[in-house]
Amino acid sequence: MSDHQPGTRREDRIDVRHEYELCAWARHFNASEHRVREAVAAVGDRADKVREHLAGNLAGKERPGDNTPGSRSAGDRPSR
């Protein structure tokens, strides 16, 4: 059951139990359904909190000097 609070509109909530709704929110956030589902699990079903969570995760992955696999710094570029 959703933790619906008075004063919060239902359309501001994300119900990941409904595939069509999950798909619509994923398109809205320009994220995969998997990322939206993970965000809801992490911060709850409020769309504003999910948006903040997804934006924070995206920013964290694009930091300069990130040493995640596949990231390259200027010194790692192949020479021509």
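Only a predicted model underlies this, so the values are computations on that prediction, with no experimental measurement involved. (Residues numbered from 1 in each chain as written. Predicted model: local features only at pLDDT ≥ 70, side-chain atom pairs only at ≥ 80, totals over all residues. Heavy atoms only, no water.)

**Quick notes on unusual backbone geometry**
Positive phi, normally seen in glycine, also occurs at Asn 30, with a value near 55°. For Asn 30, a relative accessible area of 72% puts it in the exposed group. (Buried < 20%, exposed > 50% of the residue type's maximum accessible area, 1.4 Å probe, protein only.)

**Quick word on the side chain of Asp 15**
Within the element layout of this structure, Asp 15 appears in the segment before α1 (19-29). Within the structure, Asp 15 has its side chain in polar contact with the side chain of Arg 17 (distance 2.9 Å). (Helix = DSSP H or I, 4+ residues; strand = E, 2+ residues; numbered from the N terminus. Polar contact = N/O pair within 3.5 Å; in protein donor to acceptor, adjacent residues only side chain to side chain.)

**Here's the deal with the nonpolar core**
Counting 13 residues, the largest nonpolar core has Ile 14, Trp 25, Phe 29, Val 36, Val 40, Val 50 and Leu 54 as the members making the most contacts within it. Breaking this core down by element, the ones donating at least two residues are α1, α2 (33-43) and α3 (47-61). Looking at which element gives the most residues to this core, the answer is α1, with four residues. Leave out the neighbours within four places in its chain, and Leu 54 touches Phe 29, Ala 31, Arg 35, Val 36 and Ala 39. (Core = buried A, V, L, I, M, F, W, Y, C linked by side-chain atoms within 4.5 Å. Contact = heavy atoms within 4.5 Å.)

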